[in-house]
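Spelled out from the first residue to the last, the chains are:
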Amino acid sequence: MNSWIEKQRNILDFTLSCLWRRKGKNLTFVIVYTFIVFLLASVMFLTDALKHEAAFVLKDAPELVVQRTLAGRHELIPAAYIRSLSAIRGVAAVKPRLWGYYFYSSLKANYTVMVPDGFGHKEGNILIGRGIARTHDIHKGDSMWFARSDGSAANFTIAGLLPTESELISSDLILMGESDFRRLFGMPEGYATDLTLTVRNPKELTTIATKIVEILPDTRPIIRDEILRTYEAIFNWRQGIMVAILFGALLAFAILAWEKASGLSADEKKEIGILKAIGWETSDVILVRFWEGVVLSLTAFVAGVLLAYLHVFFSSAVLFEPILKGWSVLYPKFRLTPFVSIYQVTTLFFLTVIPYTVATIVPSWKAAIIDPDSQMR
Amino acid sequence: MTAAQAMTMRSIHDEKDILNATANRVRKSSVFLVSAATATLLFGLMFLHAAWRQRADLELLASKRMMVGALQLTDLCLFTEARYIRHLSQTDLHTPFQDHPGALEHFPSGSLVSLPSTLTRSYE
């Protein structure tokens, strides 16, 4: 056993010396390799953390949301619908929701304006999310101007800021009283943006949703389970344009790795010839290449994964911010709870380390079985 | 001591020096194995840190969940470019075409997320 370990160590010593001799080429390769692993791992960590966060936080989202559509567009829902919905067996409560979007033209930012149940502040007072406070550089007690739907100006006093920790759900929120909301948007009394339903037995949700469409055909019910599944589906890293970008990067890396692994240079072939001539066996030559693959790919894998972890969970995925932000002015500052699983790391390992290590062995075996004399010439 | 003997002695000393130097020099494989062990340790620490943060953030997550319940929120505030991107779960099949029929998606974040499979189901 000891002699086997000593042999492996000797071969590893030799391999590391070989790698060090071509340090410029190998270092460049490791940097590119690390970057690919870093990119893949960052996307995986970020999407998985967002998925977990959404699944946990949105568990208390409305059980059922009922929207009204008109000519294919979301339309205000009449309060009279509440009576029809309350009459459905199994429905415990129906509540109107008042919410909408406000485009702040001077900053070109979109905000979500909501009326919470029992808003305990005086008329003319609002609560705002941290993202808005940051974008406007305003604080508690300051004023904020809005343009009403009739063009007149509305001045609101900031009664408070929503907690920093909740930025991922409240960064762009403006909370105000019902009368302020209706006056700002010119929304008539007796109408709401949509309705939320509470049911007695959650198992009956689908049946109730079907009944709603039967009774009120111009409505569209959205079940809480669908909300949760939306976040499950959209942050699947194997879908969307992200995978197209990653696929391109992976393909580029595969070409680079194949070129590096399969195209043995004249020097490398000569080296194999000399090793064979001085008595090395084919298996030893393959072992050298195997260790070379292990050293390069493991270094890149470990560095890539650890850097991705720091990037996503310590810097809030700062490199992805321009992509996620797109054209929006406001971007939430959030700190995600890390959810790292063995499954993720193993998937990454099989996607990056195994293909390269295997790709290095085949060409060296081919070179090792050729006559050493012809290789050295 | 003859000159030949002196030369033999010197060469023996040189050989001893070379052997000593080789023995004292740290082997490359040792450096690699120590680095690999450190990397394994860092990997373990990464998992430990994730588990610790999950436990430490439980209260924080619970407060966010309470806020979602109190305000009856339906979505995460990730993208604020367009309304169907801000409230992904509330979007319908027509909103991307709100500018004109057949309008192409022009918001960058719209191409980042895939179509929720549940979207078409609510129209069936």
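Scope of this entry: the structure provided in the associated data block. (Residues numbered from 1 in each chain as written. Chains lettered and ligands numbered in written order. Predicted model: local features only at pLDDT ≥ 70, side-chain atom pairs only at ≥ 80, totals over all residues.)

From N to C terminus, chain A includes 14 helices and 12 strands. Relative to the globule expectation of 21 Å for 377 residues, the C-alpha radius of gyration of chain A, 31 Å, shows a markedly less compact shape. For chain A, the C-alpha atoms occupy an extent of roughly 95 × 50 × 40 Å along the three principal directions. In chain A, which comprises 377 residues, the proportion classed as buried is 36%. Across chain A, every contact between residues at least 6 apart in sequence was considered, and the portion connecting residues at least 24 apart equals 81%. (Helix = DSSP H or I, 4+ residues; strand = E, 2+ residues; numbered from the N terminus. Rg over C-alpha atoms; globule rule 2.2 N^0.38 Å. Buried ≥ 20, exposed ≤ 12 C-beta atoms within 10 Å, placed from the backbone. Contact = placed C-beta atoms within 7 Å.)

All right, on to the environment of Val213(A) then. All names here are of chain A. Topologically, valine 213 is positioned in helix α7 (residues 205-215). On the basis of neighbour counts, which here come to 16 C-beta atoms within 10 Å, the residue valine 213 falls in the partly exposed class. Here the alpha-carbon distance between valine 213 and valine 66, two residues 147 residues apart in the chain, equals 9.6 Å. In contact with valine 213, other than residues within four places in its own chain, are Thr219 and Pro221.

Counting residues in each nonpolar core, the largest one holds 85 residues, and the members touching the most others are Val37(A), Phe45(A) and Ile174(A). The leading source of residues in this core is helix α2 (residues 23-57) of chain A, at 15 residues. Excluding residues within four positions of it along the chain, Phe45(A) makes contact with Ala308(A), Tyr309(A), Val312(A) and Val340(A). Counting seven residues, the second-largest nonpolar core is a separate cluster that includes Leu12(A), Leu287(A), Trp291(A) and Phe32(B). (Core = buried A, V, L, I, M, F, W, Y, C linked by C-beta atoms within 7 Å.)

To continue, consider α7(A). Quick reminder: α-helices carry 3.6 residues per turn. Residues three or four places apart thus point the same way. Residues and elements named next belong to chain A. Residues of α7 that are buried include every one of Ile208, Ala209 and Ile212, and no others. Buried residues of α7 fall within an arc of 105° about the axis and therefore sit on the same side. Of the exposed residues in α7, those oriented more than 90 degrees away from the buried face are Thr210 and Glu214. In the core, the buried residues of α7 are packed alongside β1 (64-70), α3 (80-86), β4 (91-104), β11 (194-199) and β12 (219-223). (Arc of directions from axis to C-beta.)

All names here are of chain A. For β1, the buried fraction is high: five of the seven residues fall into the buried class. Pairing of β1 with β11, which is carried by three bridges, proceeds in the antiparallel orientation. Within the sheet, the bridge partner assigned to valine 65 lies in β11 and is threonine 196. Sheet topology places β1 next to β12; five bridges connect them, and they run antiparallel. Note on β12: the bridge partner recorded for leucine 64 is isoleucine 223. Sheet topology note: the β1/strand β2 (residues 73-75) ladder contains three bridges and is antiparallel. Note on β2: the bridge partner recorded for arginine 68 is glutamate 75. As consecutive antiparallel partners, β1 and β2 are separated by two residues, and within that stretch alanine 71 has a phi angle of approximately 50°, a positive value. (Pairing = 2+ DSSP bridges.)

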